[in-house]
Amino acid sequence: MQTPPLGRVLVVDDDPTVAEVVAGYLDRAGYDVDRAADGPAALDRADAHGPDLVVLDLMLPGMDGLEVCRRLRARGPVPVIMLTARGDEDERILGLEVGADDYVTKPFSPRELVLRVESVLRRARAATAPKAAGPLRAAALTIDPAARRATKAGAELALTIREFDLLAFFLRHPGRAFSREELMQQVWGWDFGDLSTVTVHVRRLRGKIEDDPAAPRLIQTVWGVGYRLDAGPGPSPNGDADRAGRAPDVPQRDREHGREHGREHGREHDRETEGWTGPRA
């Protein structure tokens, strides 16, 4: 009796050698693999066959991988793993911003890529499985795990699969600090990998949920440890003036100084957490 495939994966890369190696490893791992060499062909294949996941090269001729990812995600919630020959963080952030769920930097181990595919597919399928858990709330944030819906002060947040899972994990464990290794194990399901993946996702998530991402108040950097969600009370509908026991007014100059001090303090925390060894000037 033939074993059914683990899922359908579309591999998009204009380098035939890379595409053949990746497709071969995925095929031997039990996946049904389709291939495309450019953006238009990838979109056509996706429409025709409905892949469960797309492995997408960033540097494609004509329509680049970022635009292909945008169009794929506009058509539906298909998970995307981005392949990039660039180690630059800006490229990784761009890929995550347009909806990629993960990235792998070339040169890479095909076996590691297969593990990444398994992990992303497992998380995506778990996300669509029915759950009995009720909504999770902190400050102005609300997450409905069953509906895969997140809002801030009633406005819906556009989160990727991984951003949603990361925020849900923090909301389930408020006030507890987690290292990047722990977050990679608990949220990504990996026992190894590039820890900067966690850093980039936290940064992207802060950009979507914090009022001032440069001085975060929800996801805090814990010096030498990792990150912690501080689940304080939500903002008053009528502003700070309605809160009982409000602090005395602070001059504008002192408030600006305090915000700048908080930003620099947060940057130093990130340096320590990410293994920064340079000057802290």
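So, here's what we can say about the structure. Predicted model only: the values in this text are computed from it and were never measured.

### Notes on helix α8 (residues 196–209)
Stage number 1. Across its 14 residues, α8 extends 20 Å between first and last C-alpha, which sits within 8% of the 20 Å expected from 1.5 Å per residue.
Stage number 2. Buried residues dominate α8, accounting for 11 of its 14 residues.
Stage number 3. For α8, every residue scored as buried is listed here: S196, T197, V198, T199, V200, H201, V202, R204, L205, R206 and I209.

### Notes on the pattern of salt bridges
Stage number 1. Applying the stated criterion across every chain yields a total of 15 salt bridges.
Stage number 2. The salt bridge involving R8 is made with D32; its shortest N-O contact spans 3.1 Å. Within this pair, whereas R8 is found in strand β1 (residues 8–12), its partner D32 is found in strand β2 (residues 32–36), the two being separated by 24 residues in sequence.
Stage number 3. Since its relative accessible area comes to 25%, R8 is described here as partly exposed.
Stage number 4. For K208, the salt bridge goes to E163, with nearest N and O atoms at 2.7 Å.

### Examining the packing of aromatic side chains
Stage number 1. As enumerated under the stated definition, the model contains one aromatic pair in all.
Stage number 2. The ring centre of Y25 lies 4.9 Å from the NZ or CZ of R28, which sits over that ring.

### Section: the side chain of H201
Stage number 1. Tracing the sequence through the fold places H201 in helix α8.
Stage number 2. Polar contacts involving the side chain of H201 include one to the main-chain carbonyl oxygen of T197, which spans 2.9 Å.

### Quick word on the environment of V98
Stage number 1. Turning to its location among the elements, V98 is positioned in the loop between α4 (89–97) and β5 (102–105).
Stage number 2. Separated by 27 residues in the primary sequence, V98 and R71 have C-alpha atoms spaced 9.3 Å apart.
Stage number 3. With residues near it in sequence (within four places) discarded, V98 still touches L66, C69, R70 and R73.

### Focus on the nonpolar core
Stage number 1. I143, L166, L167, L183, I209 and I219 are the most contacted members of the largest nonpolar core, which has 28 residues in total.
Stage number 2. Counting only elements with at least two residues in this core, the list comes to β6 (136–138), β7 (141–144), α6 (161–172), α7 (180–188), α8 and β12 (226–229).
Stage number 3. Sort the elements by how many residues they give to this core and α6 lands first, with seven residues.
Stage number 4. Excluding residues within four positions of it along the chain, I143 makes contact with P135, L136, R149, A150, F164, L167, A168 and L171.
Stage number 5. Counting 21 residues, the second-largest nonpolar core is a separate cluster that includes L10, V12, V78 and V80.

### Here's the deal with the sheet that holds β6
Stage number 1. Here four strands make up an open sheet; going across it, the order is β6-β7-β8-β9 and the pairing antiparallel. What marks the edges here is a single partner per strand, and that holds for β6 and β9 (155–156).
Stage number 2. Note: β6 against β7, three bridges, orientation antiparallel. For A138, the partnering residue across the bridge sits in β7 and is L141.

### Re the packing of helix α2 (residues 39–49) against helix α3 (residues 65–75)
Stage number 1. Running from N to C, α2 and α3 point in directions that differ by 20°, and their axes come no closer than 10 Å. Comparing the axis directions of α2 and α3 gives the class roughly parallel. Along this stretch, α2 crosses α3, giving a crossing that reads as right-handed. Counted together, G39, A42, L43, A46 and D47 of α2 and V68, R71, L72 and R75 of α3 form the full contact between these two elements.

### As for the side chain of D13
Stage number 1. Topologically, D13 is positioned in the loop between β1 and α1 (16–28).
Stage number 2. Look at D13 and you get buried, because its relative accessible area is 3%.
Stage number 3. The contacts of D13, once residues within four sequence positions are left out, are V18, A19, A36, A37, D57, L60, L83 and K106.

### Some words on unusual backbone geometry
Trans peptide bonds make up the majority, and among non-glycine residues the majority have a negative phi.
Stage number 1. Residue P107 follows K106 across a cis peptide bond; omega there is -5°.
Stage number 2. Within the chain, A139 stands out as a residue other than glycine whose phi angle is a positive 50°.
Stage number 3. Using a relative accessible area of 31% as the deciding quantity, one classes A139 as partly exposed.

### Overview of the sheet that holds β5
Stage number 1. A sheet is described by the order of its strands in space; here five strands give the open sequence β2-β1-β3-β4-β5, paired in parallel fashion. The two strands at the open ends of the sheet, each matched to only one other strand, are β2 and β5. Ignoring strand direction, the axes of neighbouring strands in this sheet form an average angle of 20°.
Stage number 2. Direction of pairing for β1 relative to β2: parallel, over a ladder of five bridges. The partner of R8 across the bridge, within β2, is D32.
Stage number 3. Contacting β1 and β2, α1 runs over the sheet at an angle of about 170° to β2.
Stage number 4. Each of β3 (53–57) and β4 (80–84) is contacted by α3, which is oriented at about 175° to β4, the strand it contacts most.

Scoring rules and cut-offs
Residues numbered from 1 in each chain as written. Predicted model: local features only at pLDDT ≥ 70, side-chain atom pairs only at ≥ 80, totals over all residues. Heavy atoms only, no water. Helix = DSSP H or I, 4+ residues; strand = E, 2+ residues; numbered from the N terminus. Expected span 1.5 Å × (residues − 1). Buried < 20%, exposed > 50% of the residue type's maximum accessible area, 1.4 Å probe, protein only. Salt bridge = Lys/Arg side-chain N within 4 Å of Asp/Glu carboxyl O. Phe/Tyr/Trp six-rings, centres within 6.5 Å; stacked < 30°, edge-to-face > 60°. Lys NZ or Arg CZ within 6 Å of the ring centre and 35° of its normal. Polar contact = N/O pair within 3.5 Å; in protein donor to acceptor, adjacent residues only side chain to side chain. Contact = heavy atoms within 4.5 Å. Core = buried A, V, L, I, M, F, W, Y, C linked by side-chain atoms within 4.5 Å. Pairing = 2+ DSSP bridges. Axes fitted to C-alpha atoms, helices over the stretch in contact; angles between N-to-C directions. Parallel < 35°, antiparallel > 145°, perpendicular 65-115°, else oblique. Left-handed = near helix turned anticlockwise from the far one by under 90°.

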